[in-house]
Amino acid sequence: MSLSNYSASLIRYPDLGFSLDTSLMDLDASWLEGMSGKIEKAFVDLQKLEAGEIANPDEGRMVGHYWLRKPELAPTDELRAAITGPLAALKEFAVKVHGGEVAAPGGERFENLLLIGIGGSALGPQLVNDALGHDSQLNIHFFDNTDPAGIDRTLAEIGQTGLSRTLVLVVSKSGGTPETRNGMVEAKAAYDAAGLDFGKHAVAITGEGSKLDKFADEEGFLAKFPMEDWVGGRTSVMSTVGLVPAALQGIDIDDFLAGAAAMDEETRKADAGTNAAMRLALAWHAAGNGKGEKDMVVLPYKDSLVLFSKYLQQLVMESLGKSEDLDGNTVHQGIAVYGNKGSTDQHAYVQQLRDGVPNFFATFIEVRKGRDGDTIEVEPGNTSADYLQGFLRGTRKALYESGRKSITISIGEVNPFTLGMLIALFERAVSFYASLVNINAYHQPGVEAGKKAAATFLDLLNAVRGRLTADPKNAAEVAYEVDGDPEDVYHCLNHLAANGEVQIALGDTPEGDTFSL
Ligand SMILES: O=P(O)(O)OC[C@H]1O[C@H](O)[C@H](O)[C@@H](O)[C@@H]1O
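Keep in mind the model is a prediction, meaning the values are calculated, not measured. (Residues numbered from 1 in each chain as written. Predicted model: local features only at pLDDT ≥ 70, side-chain atom pairs only at ≥ 80, totals over all residues. Heavy atoms only, no water.)

Colleague: Explanation requested: unusual backbone geometry in the structure shown.
Modeller: Most peptide bonds adopt trans geometry, and most residues besides glycine take a negative phi value. In the segment running from Gly-342 into Ser-343, the intervening peptide bond is cis, with an omega of 0 degrees. A positive phi is found at Asp-483, a non-glycine position, where the angle reads about 55 degrees. Tracing the backbone shows Asp-483 in the loop between helix H17 (475-482) and helix H18 (486-498). (Helix = DSSP H or I, 4+ residues; strand = E, 2+ residues; numbered from the N terminus.)

Rendered as structure tokens:
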């Protein structure tokens, strides 16, 4: 560790208060030289993507999330209008909600938001809320699962009386995601039970013509905001998906977009020496041998960024976790991402990072400013912020001393502009990395397998339900009747027993368990 090595390895954008330090990644100059062909291609690939090429060949789609913060970039007037129109409309909608012009049927102002969505239709709003929502004009709650107990917990937080002052945002690009549909059905049931008109409290954010879009029309939703097919779920936080809730919360969305645009601007430059997103992608490549051999541990030293690793998990893993490359070769690519926050995790899992399996590289996120306003000394001469900085610097060094590499990203403070910057940095690093390893970062074919298997399980569950009688039967007997896999049938029966639909009499093993009405 030396100041000259640090200086030589640092990319900083002083106007943005941003720096990226890869000095502890030990990037080898000759290796970088050898990568120059791929680097050039990655720059060209991203230029073409931004110019509107079909960068998602499997789905035949353009990839337009970079246009969202610079609509001038969009290749046609129609596409530009699809960004600027909804942006103006959502701002106007937020002003009307804040001013009470758009209000609940009884005239009450909306005080709460309930966002129903999953994956890219929830993670961005959750991150934005956690990082920036502390002075929110509306309190936000989430249904991001089909867990009934989780739904009940959230409804209890809102309270029976709060429901009438709650604006519900149903967010689904496809408009057909089962978890989100279930959440909406559960929310509607709660409104119905309270004697409230769900539609008069609801807003849909979805693709035009989707099931949700049609349902919104039928139920007379208060408003609808479109989601375009050229924005992927995991990069949708700067589309209507992230901006509608953020604007309603009173978060400065212009600053958020400006931060992303500023990072895009810097990392659009085709110069590997100064391009932070390319440097990040190269560091990932070097660490994991271009095959994801090292996991990415994300450690922001700031409570308000605790969800950033969870957000990056989807952005990086759903984008890069692919079985085939663009030429059809089997590659099984990806980079595993996990993390939480420092210094908290020094008391949880940093022990393994320092001494255990060396299968990762760390990404520290440093926020230079400790707090707004006055501070106290927690001991003579030192503040809490001094400690936070000490722990970050100390851990980074301790890891390096035991051969664990790390990246350090620094920002001045957490605000809409800097959060926009950070998100853009990782989005562009993902685009570059995908080019370096020749994969399509913009589809997610693997997600479908689990969804299909879940649908098959539900069909089986319904068939099993139809076979239950007062006579006890074991799983093999029911499986024979429904022509199903005995283990799957057993799990159906066990599920029904756990939820009071059937009685279970335990045998010596699951094979001997019997079930009856
Ligand atoms: O917005 P939706 O269409 O409801 O999709 C929500 C999420 O579910 C899918 O399974 C995808 O893997 C995610 O990329 C997406 O963000």
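Colleague: What is the right way to look at the site of the ligand in this model?
Modeller: With respect to spatial proximity, 14 residues lie near the ligand, and among them Ser-121, Ser-172, Ser-174, Thr-177 and Glu-318 are the closest. At a separation of 2.6 Å, an oxygen atom of the ligand approaches a polar side-chain atom of Ser-121. Ser-174 is positioned such that a nitrogen or oxygen atom in its side chain is 2.7 Å from an oxygen atom of the ligand. Notes on the ligand: free accessible area 390 Å², of which the protein chains cover 88%. Of the residues belonging to the shell around the ligand, the class tally is two nonpolar, nine polar and three charged. (Near = heavy atom within 4 Å. Polar contact = N/O pair within 3.5 Å; in protein donor to acceptor, adjacent residues only side chain to side chain. Areas by Shrake-Rupley, 256 points an atom, 1.4 Å probe, with all protein chains shown as cover. Nonpolar A, V, L, I, M, F, W, Y, C, P; charged D, E, K, R; others polar.)

Colleague: Help me understand a nonpolar patch on the surface, please; the structure alone is not making it clear to me.
Modeller: Together, Ile-376, Val-378, Tyr-387 and Phe-391 give the surface a local cluster of nonpolar side chains, amounting to about 360 Å² of exposed area. Within the secondary structure layout, Phe-391 lies in helix H14 (residues 384-401). What makes Phe-391 partly exposed here is its relative accessible area of 32%. (Patch = residues over 30% accessible without salt bridge, like charges linked within 9 Å, V, L, I, M, F, W, Y side chains within 5 Å. Salt bridge = Lys/Arg side-chain N within 4 Å of Asp/Glu carboxyl O. Buried < 20%, exposed > 50% of the residue type's maximum accessible area, 1.4 Å probe, protein only.)

Colleague: Any chance you could explain the sheet that holds strand S10 (residues 360-367) here in plain terms?
Modeller: Backbone hydrogen bonds are what pair the strands of a sheet, in a parallel or an antiparallel way. Reading across from one edge, S1-S2-S11-S10-S8-S9 is the order of the six strands in this open sheet, with mixed pairing throughout. Because the sheet does not close on itself, it has two edges, and the strands there are strand S1 (10-13) and strand S9 (337-339). Sheet twist, expressed as the average angle between the axes of neighbouring strands with direction ignored, equals 15 degrees. Examined bridge by bridge, S10 and strand S11 (residues 406-411) share six bridges and lie parallel to one another. (Pairing = 2+ DSSP bridges. Axes fitted to C-alpha atoms, helices over the stretch in contact; angles between N-to-C directions.)

Colleague: What exactly am I supposed to notice about helix H11 (residues 276-288) here?
Modeller: Residue pairs three or four apart in sequence face the same way in an α-helix, which turns once every 3.6 residues. Helix length check: H11, at 13 residues, gives a terminal C-alpha distance of 18 Å against a target of 18 Å (1.5 Å per residue), a fit within 8%. Across the 13 residues of H11, 12 count as buried, placing the element largely inside the fold. Inspection of H11 places Ala-276, Ala-277, Met-278, Arg-279, Leu-280, Ala-281, Leu-282, Ala-283, Trp-284, His-285, Ala-287 and Gly-288 among the buried residues, and these make up the whole buried set. The N-capping residue of H11, defined by a side-chain oxygen 3.0 Å from the backbone nitrogen of Ala-277, is Asn-275. Note on H11: the residue one or two positions beyond its end, Asn-289, has a positive phi of about 65 degrees. (Expected span 1.5 Å × (residues − 1).)

Colleague: Where do I start with the UniProt feature "active site" (unreviewed entry) in the protein chain in this structure?
Modeller: Within the UniProt annotation, "active site" (unreviewed entry) is assigned to Glu-318, His-347 and Lys-451. Look at the named residues: they lie 134 residues apart in sequence, and the longest C-alpha span between them is 37.2 Å, so in the fold they stay spread out. Along the chain, His-347 falls in the loop between S9 and helix H13 (350-355). As for its placement among the helices and strands, Lys-451 is situated in helix H16 (residues 445-465). Classification of Lys-451 by relative accessible area gives partly exposed; the value is 41%. (UniProt positions renumbered as here; feature names shortened; annotations may be inferred.)

Colleague: It is not clear to me how the nonpolar core should be interpreted in this structure. Could you clarify?
Modeller: The nonpolar side chains of soluble globular proteins are, as a tendency, buried together. Counting residues in each nonpolar core, the largest one holds 107 residues, and the members touching the most others are Phe-18, Leu-248, Trp-284, Phe-308 and Ile-409. For this core, the leading source of residues is helix H15 (residues 416-436), giving 13 residues. Not counting the four nearest positions on each side in its chain, Trp-284 is found in contact with Met-296, Val-316, Leu-320, Ile-335, Phe-361, Ile-407, Phe-426, Ala-429, Val-430 and Tyr-433. Counting residues in hydrophobic clusters, the runner-up holds 20 residues, among them Leu-114, Leu-163, Phe-198 and Ala-204. (Core = buried A, V, L, I, M, F, W, Y, C linked by side-chain atoms within 4.5 Å. Contact = heavy atoms within 4.5 Å.)

Colleague: How do you make sense of the confidence of the model for the protein chain when you look at a structure like this?
Modeller: In regions of low pLDDT, the predicted coordinates are not meant to be interpreted in detail. Chain-level statistics for the protein chain give a pLDDT mean of 96 and a share of 100% at 70 or above. Reported confidence for the predicted complex is 0.98 by ipTM and 0.96 by pTM. (pLDDT = per-residue confidence, 0-100.)

Colleague: Explanation requested: the pairing of strand S6 (residues 202-206) in the structure shown.
Modeller: Along any regular strand the residues' side chains alternate between the sheet's two faces. The buried fraction of S6 is high, at five of five residues. Across four bridges, S6 lies against strand S7 (residues 223-226) in parallel orientation. Paired with Thr-206 across the two strands is Pro-226, which belongs to S7.

Colleague: In this structure, what is going on with the pairing of S1? I would like to understand it.
Modeller: One ladder, built from four bridges, connects S1 with strand S2 (residues 18-21); its direction is antiparallel. Paired with Tyr-13 across the two strands is Phe-18, which belongs to S2.

Colleague: How should I be thinking about the sheet that holds strand S13 (residues 503-505) in this particular structure?
Modeller: An order of S12-S14-S13 is seen for the three strands of this open sheet, with the pairing classed as antiparallel. Looking at the sheet topology across the chains shown, the edges are occupied by strand S12 (473-474) and S13. Bridging between S13 and strand S14 (residues 514-516) involves three bridges; their strand directions are antiparallel. What sits directly across from Ala-505, in S14, is Thr-514. Contacting S13 and S14, H18 runs over the sheet at an angle of about 55 degrees to S14.

Colleague: Is there a simple way to think about the packing of helix H4 (residues 77-99) against helix H10 (residues 253-266) in this case?
Modeller: Packed helix pairs are specified by the crossing angle of their axes together with the interaxial distance, meaning the distance between the axes. Between H4 and H10, the least distance of the axes is 12 Å, while the angle of their chain directions is 150 degrees. Here H4 contributes Leu-87, Leu-90 and Lys-91 to the contact with H10, which in turn contributes Ile-253, Asp-254 and Leu-257. Class assignment of the residues belonging to the contact of H4 with H10 gives a composition of four nonpolar, no polar and two charged.

Colleague: Whenever I open this one, the packing of aromatic side chains confuses me. Can you help?
Modeller: Centre distance and the angle of the planes are the two values used to describe a pair of aromatic rings. Across all of its chains, the model carries 15 aromatic pairs by this definition. With a centroid separation of 5.9 Å and an interplanar angle of 80 degrees, the aromatic rings of Phe-198 and Phe-221 are classed as edge-to-face. On the criterion of sequence distance, the pair formed by Phe-198 in the loop between helix H7 (178-193) and S6 and Phe-221 in the loop between helix H8 (211-219) and S7 is long-range, its members being 23 residues apart. You can call Phe-198 buried: its relative accessible area is 1%. The buried category is assigned to Phe-221, whose relative accessible area is 10%. Ring centres 5.9 Å apart and planes at 45 degrees place the aromatic pair Tyr-301 and Phe-364 in the tilted group. Of the two residues, Tyr-301 is situated in the loop between strand S8 (295-300) and helix H12 (308-320) and Phe-364 in strand S10; the sequence distance between them amounts to 63 residues. For the residue pair Tyr-301 and Phe-364, the accessibility class agrees, reading buried in each case. Members of the aromatic cluster, each reached through a chain of ring pairs, are Trp-284, Phe-308, Tyr-311, Phe-426 and Tyr-433. Cation over ring: Arg-428 sits above Tyr-66, and NZ or CZ is 4.7 Å from the ring centre. (Phe/Tyr/Trp six-rings, centres within 6.5 Å; stacked < 30°, edge-to-face > 60°. Lys NZ or Arg CZ within 6 Å of the ring centre and 35° of its normal.)

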